[in-house]
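Listed below are the residues making up each chain.
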Amino acid sequence: MKRLLVTILVLFGFLFSGISQIPLTYYLPDISYDKAIPTPENVFGHQVGIWHLSHDKQYMYMRELAATSKRVKLVEYARTHEDRPSIYLIITSEKNHENLETLKAQHVQLSNPEASAKLEISKMPAVVYQGFSIHGNEASGGNAAPLVAYYLAAGKSKELEKLLENTIILFDPCFNPDGFQRFSTWVNQHKNKNLTADPQDREYREVWPGGRSNHYWFDLNRDWLPIVHPESKGRLRTFHEWKPNILTDHHEMGSNSSFFFQPGLPQRTNPITPWKNQELTAKIGNYHAAALDEIGSFYYTQEDYDDFYYGKGSTYPDVNGCIGILFEQASSRGHLQNTANGELSFPFTIRNQVTTALSTLKAAQELREELLNYQREFYRTGLNDASSDNVKGYVFGESVDKGRLNAFLSLLLSHQIKTHKLASTLEIGGKKFDPDHAFVVEMEQTQYRLIRGMFEKSTTFRDSLFYDISAWTLPLAYNLDYAPLRKNEFSKGLLGAAVLPETVIAKPTITEISNYAYAFEWDEYYAPKLLNAILIAGIRAKVTNKPFFSKNKNFDRGTILIPVQNQSKNANELHTLLENLVVGTGVQIYDLDTGLTSEGIDLGSGYFSTLATPNVLLVVGDGVSNTDAGEAWHQLDERYGIAITKIETSRLGSVNLSPYNVIVMVDGFYNAISQAGVESLKTWNINGGTIIGVERAITWLASRGLAKVEFKTKDTPKDGRRPYDRLEDDGGSEVIGGAIFETEIDLTHPIFYGFNHNRLPVFQSGTVFMKPTKNNYATPSVFTENPLMSGYIKASNAALIKNAASVVVSGNGSGKVICLGNNPNFRAFWYGTNKIFANAIFFGNIIESGGVERAD
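Keep in mind it's a predicted model, so treat the numbers as computed, not measured.

Novice: Would you explain the overall build of the chain in this entry?
Specialist: Check the secondary structure of the chain and you find 24 helices and 37 strands. What you see for the chain is a C-alpha radius of gyration of 29 Å, in line with the 29 Å of a compact globule of 856 residues. By its C-alpha atoms, the chain is 90 × 65 × 65 Å across when sized along the principal axes. Contacts spanning at least 24 positions in sequence make up 79% of the contacts within the chain whose residues lie at least 6 apart. For the chain, the exposed area adds up to about 33,100 Å²; of that, 48% sits on carbon and sulfur atoms.

In structure tokens form, the structure reads like this:
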């Protein structure tokens, strides 16, 4: 009580003085510290909490600790898109540092049931991975990090010495350097000398896109499973290099909340996760409760948040023998803000993060043997479960698109899932798998539970509410043929050579030099990248709208034709250019020596359409989903090499649209576009421009007369009484946070060139359901009669999505408005539908006017 009273008085004192003086003991235990090691205040020139730390200042301090403390080693594990270093500190006793590689190797053996039984866990340190501020504008975690690191590096007490002897701490001070830097710049430049707590002040109202996301506006806390970004790839390597026992993820939430720590809602825990995981999470939670009680901070648990989607930082560990823990601190979103709980200061939020970071370490030390034993048992029981599972493996393959297949293989290897080439031809579930293009994942391996989490389909759930998506079945996301192998279908004889990181499925090539033409098919994932590079180089290219047969090969719709004559380069120069551009694409370029084909159209046919170099405008800004915009930007910039222009909604009425031939409008609300902007868009569309509208952008386009689309809606429900406490759950059950559905696609339509099956899994979130068009040729994709493949959808919504349109082609004048009812670029791991987006960009303008649902 005495300490609590002192804390309150100290807090009141620095609040009253504008937070100008904060003692170190407000944050950290009052013990002796090594004077040779600088405090954060020594390095920054101010105490933590006075200003928001930028990433460069935080990084500078971590380097200083590594240079001055023998307990600390700094490791750089990645560079962000903006070339900032992503680092972690290894913090432990000097003795452990001397034997670090041996301790690491021994610890990793806990995940190997063949070796783990021999380990003496009573003599092994626990490994704790502590991470902060994966959302850049949830800054209290990243600002707490220097304080916690200082305590561990410089503190002098028997308790701390024992902790460091028994624990190896992997300390990542900032999971998202780019977003953290962006947010700190915003709040610091708007800070008043005399702090204002008014939540309407500009300091607390970030401009779009905000600091939550990384450079491409992705939520990195959803990237643990897809591992798209360099920060995530490096983090995953670190995780599997060490196999930690606990991983903590320090976040923030709404300002009117208090503090949350896990466990979350028990009914929303992924059923693959052993229940022992939740019991240990609760045990560790008792340490957080005691620590927060001591400083008088309010908190809650087992509400709001869940452990279902395995792509989050607090849930991915759960399927890897680790205890993942989410912390959520009410956010000051600046330096001081009025809330329902009074004035919330930035230092107060930091202190709660420091407190729970230290309580985690205390729990890790005192529960060390139980945590180590749990990890050992997790992998041992996983193998036992695999041996009794009726599903013994999965076979998957793709015969024409090496890009998607290679990407999926790379993903499996990154998650340490052993994969083998298929040894012999296999027919199962009506599908034929060829050993040249198919692979097998055996269930009886240490990553058994993670394999289930990646491959299984689920359509029944204990709860109808999800904090994130309800399905992510990865072979469906990559649009790969795949099938489970049950006991009577699996044998060791199916396992061919193991897949290694250097495994090469096929190399891209270009055949002999031609004086007539070249052609390449559109099936390959990176064909759009190659086409864009060809067009940028000033080379004319055409696409075929009818199949043809030449040089003993069938060339389907979507094949790209490059004439040799009348180009800006001669035959030799063109061949050399194509040799260079094809590298890294996986595409095979064929030389053609005659325009006369043995079947189908000839090369001079009018069924070839000349293609234009894409000049893409991406609409961004207020009302637009920054994550969806970022996904489109990333897809074009990183994977297709297409330079884009980003223009805010509020500026569309005043900019010249004539340089662009494609405008992309992702999910969002576009009410910030002025009437002048609407008229400008319509005129541009009438003159031949292509608009690509996604999800809720379609409703805006339809409401402004830019697209002719009708929507399926529910009947008004009959009046009826419901218990008040069902209000939140009933509303939540209507949400489609993300599930997988089957669509039927028209393979002859330009939007689906490069696809080879008329059934396509798509990711659907939201409840924008379009009716098929009255024009019979303007709906190239519809949901099937029973479309749900994996995930949750309420029965009334399931009735709406059945046979609804997935893609509609509308337009004005000579322009097209391509309406995509689902996001084809979701989180950059939905490889299977990326080509819809590419086709809309490259081929949208070649769709014949008779195939357009006219809006004018």
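That was the structure; now back to the text.
Novice: Help me understand the environment of Ala363 in this model?
Specialist: Here Ala363 shows up in helix 12 (residues 346-366). Relative accessible area serves as the criterion here: at 0%, Ala363 is assigned to the buried category. The contact partners of Ala363, leaving out residues within four places of it in the chain, are Ile284, Tyr287 and Arg368.

Novice: Even after reading the chapter, I still don't get the sheet that holds strand 4 (residues 126-132), so can you show me in this structure?
Specialist: Two pairing modes exist for strands in a sheet, parallel and antiparallel, and in both the strands are linked by backbone hydrogen bonds. Spatially, the seven strands line up as an open sheet ordered 2-3-6-4-7-9-8, and their pairing is mixed. One side of each edge strand has no neighbouring strand; the edge strands of this open sheet are strand 2 (72-79) and strand 8 (259-261). For this sheet, the mean angle separating the axes of adjacent strands, direction not counted, is 20 degrees. Where strand 8 lies against strand 9 (residues 323-330), three bridges are found, and the strand directions are antiparallel. By the bridge assignment for strand 9, Phe261 is matched with Phe327. Here helix 11 (residues 275-295) sits on the sheet in contact with strand 7 (246-253), strand 8 and strand 9, set at roughly 35 degrees to strand 9.

Novice: Looking at this structure, I do not really get the environment of Lys73. What am I missing?
Specialist: Along the chain, the position of Lys73 falls in strand 2. Put simply, Lys73 and Leu474 are 401 residues apart on the chain and 37 Å apart in space, counted from C-alpha to C-alpha. Lys73 has contacts with Tyr88, Leu89, Ile90 and His97, leaving out every residue within four places of it along the chain.

Novice: Where do I start with the nonpolar core in this structure?
Specialist: Buried together is how nonpolar side chains tend to be arranged in soluble globular proteins. In this structure, Phe520, Ile560 and Met665 are the most contacted members of the largest nonpolar core, which totals 101 residues. Examining the composition of this core, we find that seven residues originate from one element, helix 24 (residues 834-843), more than from any other. Those residues in contact with Phe520 that lie beyond four places of it in its chain are Ala527, Leu530, Leu531, Ile534, Thr559, Ile560, Ile562, Val587, Gln588 and Ile589. Leu53, Tyr59, Met62 and Leu160 belong to the second largest nonpolar core, which has 66 residues in total.

Novice: I would appreciate a short explanation of the pattern of salt bridges in the present structure.
Specialist: Pairing is possible between side chains of opposite charge, provided their charged atoms come close. Here the structure, examined in full by the defined rule, presents 35 salt bridges. The residue Lys123 makes a salt bridge to Glu120 at a minimum N-O spacing of 3.5 Å. Classification of Glu120 by relative accessible area gives partly exposed; the value is 46%. Among the ionic contacts, a cluster of salt bridges with common partners joins Glu138, Arg212, Asp219, Arg222, Asp468 and Arg827.

Novice: Would you take a moment to explain unusual backbone geometry for this structure?
Specialist: Trans peptide bonds make up most of the peptide bonds, and negative phi angles are found at most residues other than glycine. With an omega dihedral of 5 degrees, the bond running from Trp208 to Pro209 counts as a cis peptide bond. Locating Pro209 in the fold gives a position in the loop between helix 9 (177-189) and helix 10 (230-242). The linkage connecting Gln262 with the following residue, Pro263, adopts the cis geometry, with an omega of 20 degrees. Within the secondary structure, Pro263 is located in the loop between strand 8 and helix 11. Residues other than glycine seldom take positive phi values, yet Ile227 does so here, at roughly 40 degrees. Within the secondary structure, Ile227 is located in the loop between helix 9 and helix 10. Judged by its relative accessible area of 8%, Ile227 is buried.

Novice: Which parts of the structure should I look at to understand the sheet that holds strand 19 (residues 509-510)?
Specialist: As summarised here, the arrangement of the six strands in space is 19-25-20-24-21-27, forming an open sheet in which the pairing is mixed. Each end of this open sheet is capped by a strand with a single partner; those strands are strand 19 and strand 27 (608-610). One ladder, built from four bridges, connects strand 20 (residues 517-520) with strand 25 (residues 588-592); its direction is antiparallel. Looking across to strand 25, one finds that Ala517 is bridged to Leu592. Set on the sheet, helix 17 (residues 527-536) makes contact with strand 20, strand 24 (560-563) and strand 25; between it and strand 20 the angle comes to about 150 degrees.

Novice: What should I look at first to understand the confidence of the model for the chain in this one?
Specialist: Detailed reading of the predicted coordinates is not advisable wherever pLDDT falls low. Per-residue confidence for the chain gives a mean pLDDT of 94, with 96% of residues at or over 70. In this model residues 1-17 is a low-confidence stretch, pLDDT under 50, and it forms 21 contacts with partners more than four residues away in sequence or in other chains.

Novice: Explain helix 9 to me, please; I cannot follow it from the model alone.
Specialist: With 13 residues, helix 9 should cover 18 Å at 1.5 Å per step; its first-to-last C-alpha distance of 18 Å lies within 8% of that length. Taken residue by residue, helix 9 has Pro177, Asp178, Gly179, Phe180, Gln181, Phe183, Ser184, Trp186 and Val187 as its buried positions. Contact partners of the buried residues in helix 9: helix 3 (55-68), strand 3 (85-91), helix 7 (140-154) and helix 10.

Novice: In this structure, what is going on with the packing of aromatic side chains? I would like to understand it.
Specialist: Taken as a whole and assessed by the stated rule, the structure comprises 48 aromatic pairs. The interplanar angle of 80 degrees and the centroid separation of 5.0 Å between the aromatic rings of Phe378 and Tyr379 together place this pair among those described as edge-to-face. Tyr379 carries the same exposure label as Phe378, and that label is buried. An angle of 50 degrees between the planes, with centres 5.9 Å apart, marks the rings of Tyr670 and Trp700 as tilted. Of the two residues, Tyr670 sits in the loop between strand 30 (662-665) and helix 20 (675-686) while Trp700 sits in helix 21 (residues 696-703), which places them 30 residues apart along the sequence. The two residues Tyr670 and Trp700 agree in class, both being buried. Ring pairing ties together the aromatic residues Tyr394, Phe396, Phe408, Phe439, Phe455, Tyr478, Tyr482, Tyr525, Tyr526 and Tyr831, which thus form one cluster. The side chain of Arg449 reaches across the aromatic face of Phe378, ending 4.4 Å from its centre.

Definitions and limits used
- Residues numbered from 1 in each chain as written.
- Predicted model: local features only at pLDDT ≥ 70, side-chain atom pairs only at ≥ 80, totals over all residues.
- Heavy atoms only, no water.
- Helix = DSSP H or I, 4+ residues; strand = E, 2+ residues; numbered from the N terminus.
- Rg over C-alpha atoms; globule rule 2.2 N^0.38 Å.
- Contact = heavy atoms within 4.5 Å.
- Areas by Shrake-Rupley, 256 points an atom, 1.4 Å probe, with all protein chains shown as cover.
- Buried < 20%, exposed > 50% of the residue type's maximum accessible area, 1.4 Å probe, protein only.
- Pairing = 2+ DSSP bridges.
- Axes fitted to C-alpha atoms, helices over the stretch in contact; angles between N-to-C directions.
- Core = buried A, V, L, I, M, F, W, Y, C linked by side-chain atoms within 4.5 Å.
- Salt bridge = Lys/Arg side-chain N within 4 Å of Asp/Glu carboxyl O.
- pLDDT = per-residue confidence, 0-100.
- Expected span 1.5 Å × (residues − 1).
- Phe/Tyr/Trp six-rings, centres within 6.5 Å; stacked < 30°, edge-to-face > 60°.
- Lys NZ or Arg CZ within 6 Å of the ring centre and 35° of its normal.

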